[in-house]
Amino acid sequence: MTDLTSAQIRAARALLDWTQPKLAEAAKLSVPTVRRMESARGPSASTPANVDAVRRALETGGVVFLDPEESKDGGPGVRLKL
């Protein structure tokens, strides 16, 4: 999966019970960058390196990102590792 949505980032952070500052720290980004990626502008408004940093931080925390075709309803999603 290459693209993340702002909803996936928010949901992943909620699954881990992480605040925006915690995600920013884990991804080595600023809080405004995380806030912007979670907004309506979404991750596409950020650099690929920042999106990758957020993805890696959340995956290290235990989140698995699901492609739309992996979801019963056909949308992108997140879950915790088993």
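Keep in mind that this is a model prediction, so the values were computed, not measured.

**Description of the confidence of the model for the chain**
The predicted model of the chain has a mean per-residue pLDDT of 91, with 94% of residues at 70 or higher. Of all helices and strands in the chain, the one with the weakest mean pLDDT is strand β2 (residues 77-80) (90), whereas helix α2 (residues 20-27) scores best (98).

**So, the packing of α2 against helix α4 (residues 48-61)**
Contact geometry for α2 and α4: axes closest at 8 Å, N-to-C directions at 105 degrees. The angle between α2 and α4 falls in the class roughly perpendicular. Contacts from Leu23, Ala26 and Ala27 in α2 reach Ala53, Val54, Ala57 and Leu58 in α4. For the contact of α2 with α4, the residue count by class is seven nonpolar, no polar and no charged.

**A closer look at the nonpolar core**
Most often, soluble globular proteins have nonpolar side chains that are buried together. Grouped together as the largest cluster of nonpolar side chains are 19 residues, with contacts concentrated most on Ile9, Leu23, Val54, Leu58, Val63 and Phe65. Ranked by residue count, the leading element in this core is α4, at five residues. Ignoring anything within four residues of it in the chain, the contact list for Ile9 reads Leu4, Leu23, Met37, Glu38, Pro43, Val54 and Leu58.

**Remarks on α2**
A turn of α-helix holds 3.6 residues, and therefore any two residues three or four places apart point the same way. If you check which residues of α2 are buried, you get Gln20, Leu23, Ala24 and Ala27. For α2, the angular spread of the buried residues around the axis is 100 degrees, confining them to a single face. Where the residues of α2 are buried, they touch α1 (6-16), α3 (31-38) and α4. With a side-chain oxygen positioned 3.1 Å from the backbone nitrogen of Lys22, the residue opening α2 is Thr19. Downstream of α2 by one or two residues, Lys28 has phi in the positive range, about 60 degrees.

**A short note on the pattern of salt bridges**
Enumeration over the complete set of coordinates arrives at three salt bridges. Between Arg56 and Asp52 there is a salt bridge; the shortest N-O distance is 2.8 Å. Of this pair, Arg56 and Asp52 both sit in helix α4, four residues apart, which is roughly one turn of the helix. For Asp52, a relative accessible area of 37% gives the class partly exposed. Across the salt bridge formed by Glu59 and Arg55, the nearest N and O atoms sit 3.4 Å from each other. Of the two residues, Glu59 and Arg55 both sit in helix α4, four residues apart, roughly one turn of that helix. You can call Glu59 partly exposed: its relative accessible area is 28%. Judged by its relative accessible area of 11%, Arg55 falls in the buried class.

Calculation rules
- Residues numbered from 1 in each chain as written.
- Predicted model: local features only at pLDDT ≥ 70, side-chain atom pairs only at ≥ 80, totals over all residues.
- Heavy atoms only, no water.
- pLDDT = per-residue confidence, 0-100.
- Helix = DSSP H or I, 4+ residues; strand = E, 2+ residues; numbered from the N terminus.
- Axes fitted to C-alpha atoms, helices over the stretch in contact; angles between N-to-C directions.
- Parallel < 35°, antiparallel > 145°, perpendicular 65-115°, else oblique.
- Contact = heavy atoms within 4.5 Å.
- Nonpolar A, V, L, I, M, F, W, Y, C, P; charged D, E, K, R; others polar.
- Core = buried A, V, L, I, M, F, W, Y, C linked by side-chain atoms within 4.5 Å.
- Buried < 20%, exposed > 50% of the residue type's maximum accessible area, 1.4 Å probe, protein only.
- Arc of directions from axis to C-beta.
- Polar contact = N/O pair within 3.5 Å; in protein donor to acceptor, adjacent residues only side chain to side chain.
- Salt bridge = Lys/Arg side-chain N within 4 Å of Asp/Glu carboxyl O.

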